[in-house]
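Residue-level structure breakdown
One-letter residues, chain by chain:
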Amino acid sequence: MKSFRGVNDFKTVIKRGIMCLCLSLIMVFFVGTASPMTVYATTSYIDDTHPTDPTRDRETNLTGTSGERTNIQDPGEAKDADDLKELNIANTVTVTYDNGNGTINGALRILITLTLIALAPLLLIMMTCFTRIIIVLHFTRAAIATQTSPPNQVLMGLALFLTFFIMQPTLQEVYDTAVQPFEAGQIEQQEFFDTAMKPIREFMYGQTQTKDVRLFMEINQMDWDGQLESIPNAVLIPSFLISELRTTFIIGFLVFIPFIVIDMVVSSVLMSMGMMMLPPTTISLPFKILLFVLADGWNLIIGSLVKTFY
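Every chain is numbered on its own, with residues counted from 1 as its sequence reads. Reporting in this predicted model follows two pLDDT cut-offs: at least 70 for local features of residues, and 80 or more for side-chain atom pairs to be given and counted; totals over whole chains, interfaces and linings ignore these cut-offs and use all residues. Each side-chain value is derived from all of the structure's non-hydrogen atoms; neither hydrogens nor water enter the calculation.

Some points on a negative patch on the surface
Inclusion rule: Any residue with relative accessible area above 30% and no salt bridge may belong to a patch, with like charges joined within 9 Å and the nonpolar Val, Leu, Ile, Met, Phe, Trp and Tyr side chains within 5 Å. Surface accessibility in these figures is a Shrake-Rupley result with a 1.4 Å probe; residues are shielded only by whichever protein chains are displayed. Note on definitions: salt bridges are taken to be side-chain nitrogens of Lys or Arg within 4 Å of carboxyl oxygens of Asp or Glu. Positive charges come from Lys and Arg, negative ones from Asp and Glu, while His and the chain ends are left out of the count. Every charge is mapped onto a representative atom, which is NZ of Lys, CZ of Arg, CG of Asp or CD of Glu. In this description a helix means any DSSP run of H or I spanning at least four residues, a strand means any run of E spanning at least two, and both kinds are numbered starting from the N terminus. Accessibility here uses a 1.4 Å probe with only protein chains present; expressed as a share of the type maximum, an area under 20% marks a residue as buried, one over 50% as exposed, and anything in between as partly exposed.
A surface patch of like charges, here negative, comprises E173, D176, E202, D225 and E229. Mapping D176 onto the fold places it in helix α5 (residues 152-183). Taking the relative accessible area as the measure of exposure, D176 reaches 38% and is therefore partly exposed.

Brief notes about helix α6 (residues 189-206)
Put simply, the test is: A helix is expected to reach a length of 1.5 Å times the quantity of its residues less one. Here the bend at a residue means the angle between the axes of two seven-residue stretches, the one that ends at it and the one that starts at it.
Along its 18 residues, α6 runs 27 Å from first to last C-alpha, staying within 8% of the 26 Å computed at 1.5 Å per residue. Helix geometry: α6 is bent most strongly at K198, by close to 30°, with proline P199 lying one to four residues after it. All of the buried residues along α6 are F192, A196, M197, P199, I200, R201, F203 and M204.

Quick word on the confidence of the model for the chain
The criterion, for reference: You can read pLDDT as the predictor saying how much it trusts each residue, on a scale of 0 to 100. Working rule for contacts: check all heavy atoms of both residues, and any pair within 4.5 Å makes them a contact.
Mean pLDDT over the chain: 75, with 66% of residues reaching 70 or higher. Mean pLDDT across the secondary structure elements of the chain bottoms out at helix α1 (residues 2-33), with 57, and peaks at helix α4 (residues 130-144), with 92. Counting contacts from residues 34-55, a segment whose pLDDT is below 50, to residues more than four positions away or on other chains yields 20 contacts. Low pLDDT (under 50) marks residues 61-65, which in the prediction has 11 contacts with non-local residues, meaning those over four places away or in another chain.

Topic: the packing of aromatic side chains
Threshold: Here a Phe, Tyr or Trp ring, Trp counted by its six-membered ring, pairs with any other such ring whose centre lies within 6.5 Å, and the pair is stacked when the planes are under 30 degrees apart, edge-to-face when over 60, and tilted otherwise. Charge over a ring is defined by NZ of Lys or CZ of Arg lying within 6 Å of the ring centre and within 35 degrees of the ring normal.
For the structure on display, the rule yields eight aromatic pairs. Consider the rings of F139 and F256, whose centres lie 6.2 Å apart with planes at 75°: the pair is edge-to-face. One end of the pair, F139, is in helix α4; the other, F256, is in helix α8 (residues 233-272), with 117 residues separating them in the sequence. Centre to centre, the rings of F259 and F292 are 6.2 Å apart; their planes meet at 40°, and the pair counts as tilted. Note that F259 is positioned in helix α8 and F292 in helix α9 (residues 280-294), a separation of 33 residues in sequence. In this pair, the class of F259 matches that of F292, namely buried. Through successive ring pairs, a cluster of aromatic residues spans F139, F249 and F256. Here R132 stacks its cationic end above the ring of F309, 4.1 Å away from the centre of that ring.

Some details on the side chain of R201
With respect to the element layout, R201 can be found in helix α6. Despite its burial, R201 remains without a salt bridge, the nearest opposite charge being carried by E229 at 6.8 Å. The contact partners of R201, leaving out residues within four places of it in the chain, are L228, E229, I231, P232, N233 and L236.

Quick look at the pattern of salt bridges
On inspection of all chains with the given rule, the structure shows three salt bridges. Its salt-bridge partner being E244, residue R132 comes within 2.4 Å of it at the nearest N-O pair. With a gap of 112 residues between them, R132 in helix α4 and E244 in helix α8 connect regions that are remote in the sequence. Residue classification places R132 among the buried positions, given a relative accessible area of 2%. For E244, a relative accessible area of 0% gives the class buried.

Below you can see the structure in the form of structure tokens.
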């Protein structure tokens, strides 16, 4: 039985081999008898030596032979702002002022705006009163022990509006003394940055403690004569941040004191009543909220916080 199957398999293999051989011969026949195809490449030359601008008759604008052209039009020369607009400035990037009146190009305005938006969080945290406000608000929420009430979005929004309220005189001075003259073309770029930083430096210096400035001046191995003009920005900004953190934690300690007293009183009462298993925070939380509302806590916190900058 096994030998019979082996014979059948051998016959099948022979049949398949013969069929493959026949197909191969047929394909070779057709390939050999097909006529070859030849593709010819044709080249054409532009025999047009006239410039693309029909109003100008120039014959020296070609860099190739008389029948081949690689440059159509000369760049030209500009003698004033009107000629500058007529130049052939393809494949180039230019930053120009419209008729010399100091108006920045629209694309450049978008670029500057996007750059400021990217740097805005860093500048907001490092050089404004935002740090002190947001940390004090978080300390207040932690002292009341209301967990996520008010939520972070509310605290951030309140801190941003308070920052704008406190920094408004400084920002207005920056706009009047730096932004407007720069857009009018009255000052250069370097003078613009120096003038814009002056009001901000004065604000930071007014909130910075002397010992913090001396610390970074000593680290930087620089002598300080006690004047604002001799403090570089690399020293003034970290000194301002450290002073803000110190002031913030002092305010946070003062905010915590009345609420700690409530926790201690509630804990003593519960222990005297034998309620050891009842968490004191569960009982003290309503009394904290009641005290905060009766004392008009938000008015006191926000008012005192804003007054620390004046």
